[in-house]
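# Architecture and fold: a report
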Amino acid sequence: MILIDGKKEAAELRETLKYEVSELKEKFNKVPGLTVILIGEMAPSQIYVRNKEKSANEVGLKSEVIRYPEAIEEKIVLEKIKELNNDENVSGILVQLPLPKHIDKQKVIEAILPEKDVDGFHPMNVGNLSSGYESSVPCTPLGCYLLIKKIEPNLSGKKAVMIGRSNLNGKPMTQLLLKENCTVTITHSKTKDLKAECLEADIIVAAVGIPELVKADWVKKDAIVIDVGINKTEKGIVGDVDFKEVSKIAKALTPVPGGVGPMTIACLLKNTIECFKRSQR
Ligand code: GUN
């Protein structure tokens, strides 16, 4: 079994990006800038944002975090986004989710210029991705995709099963696999026989948030299994895949933590650099 080392892959990607940033600096005499907006005090968001900032600095990006209290008015956030849209030193804008209930998430997402939308959540980027045009691609599925491609560069004709249909993961992941000529099945909470679907799969991507849902007898021998889940349980943090059992069957599997997570952040940096490069064309 190949234990997919997301930490190592992410470190390699960051090295490549660091080199790319130094080249861009030489060519344009400036570096890509990432601005993250963080609202409220939610612990997981605080940790993610701190990691994003640290990684951005490590590869040489200009990074800034704007923090607002939980009760901030939506209007103030939208005005700030407008200001950042017009700031030529800002290549990428990310508003950390989830947002407080009084703030309209979709309004915030749509306020970000598609050209600076490093999350790939803007309808323009969603549409471009599904039409096969150039776009920002959401960081988590992009990270999963790069991990899968490292194991199996030619995905043409492979059967892929996506567990979960979220805008954050499931839907964009499906588009990436489709682009690689996979036959993709999207499954979700109403799917009749999830086990039977999974047993057909050469590739399984699990992103539903159900602890250890995917069992060993759901997985075909030699399948690649990517676990996007981060679930807090009494055992500690576990993924959506029963790691111990599935590792005996699968060809390759991502651990939780240390699998998809580190790649997500590295892909955010990659997206920021891509946005910068497109802005310089
Ligand atoms: N919260 C959890 N994951 C993400 C992500 O990929 N982007 C943003 N903006 N917020 C998140």
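Everything in this summary refers to the structure shown in the same document. Values in this document were obtained by computation on a predicted structure and should not be read as measured data.

### Focus: the sheet that holds strand β3 (residues 62-68)
- Spatial ordering of the open sheet is given by β3-β2-β4, a layout of three strands whose pairing is parallel. Because the sheet does not close on itself, it has two edges, and the strands there are β3 and β4 (92-95). Pairwise comparison of adjacent strand axes, ignoring direction, gives a mean angle of 15° for this sheet.
- Sheet topology places strand β2 (residues 33-39) next to β4; four bridges connect them, and they run parallel. Note that in β4 the partner of Val36 across the bridge is Leu94.
- Together, β2, β3 and β4 form the strand contacts of helix α3 (residues 74-85), whose direction differs from that of β3 by roughly 165°.

### Things to note about helix α1 (residues 6-28)
- With 23 residues, α1 should reach 33 Å at 1.5 Å per residue; the first-to-last C-alpha distance of 32 Å fits that figure.
- When we look at burial in α1, the residues that qualify are Gly6, Glu9, Ala10, Leu13, Arg14, Leu17, Glu20, Val21 and Leu24.
- Directly after α1, the chain includes Asn29, whose backbone phi takes a positive value near 60°.

### Overview of the site of the ligand
- Around the ligand, a shell composed of Leu94, Val95, Gln96, Leu97, Asp119 and Phe121 is seen.
- Between the ligand and the protein, one listed contact pairs a nitrogen atom with a side-chain N or O atom of Asp119 at 2.6 Å.
- Residue classes in the shell around the ligand are distributed as four nonpolar, one polar and one charged.

Definitions and cut-offs
Residues numbered from 1 in each chain as written. Predicted model: local features only at pLDDT ≥ 70, side-chain atom pairs only at ≥ 80, totals over all residues. Heavy atoms only, no water. Pairing = 2+ DSSP bridges. Helix = DSSP H or I, 4+ residues; strand = E, 2+ residues; numbered from the N terminus. Axes fitted to C-alpha atoms, helices over the stretch in contact; angles between N-to-C directions. Contact = heavy atoms within 4.5 Å. Expected span 1.5 Å × (residues − 1). Buried < 20%, exposed > 50% of the residue type's maximum accessible area, 1.4 Å probe, protein only. Near = heavy atom within 4 Å. Polar contact = N/O pair within 3.5 Å; in protein donor to acceptor, adjacent residues only side chain to side chain. Nonpolar A, V, L, I, M, F, W, Y, C, P; charged D, E, K, R; others polar.

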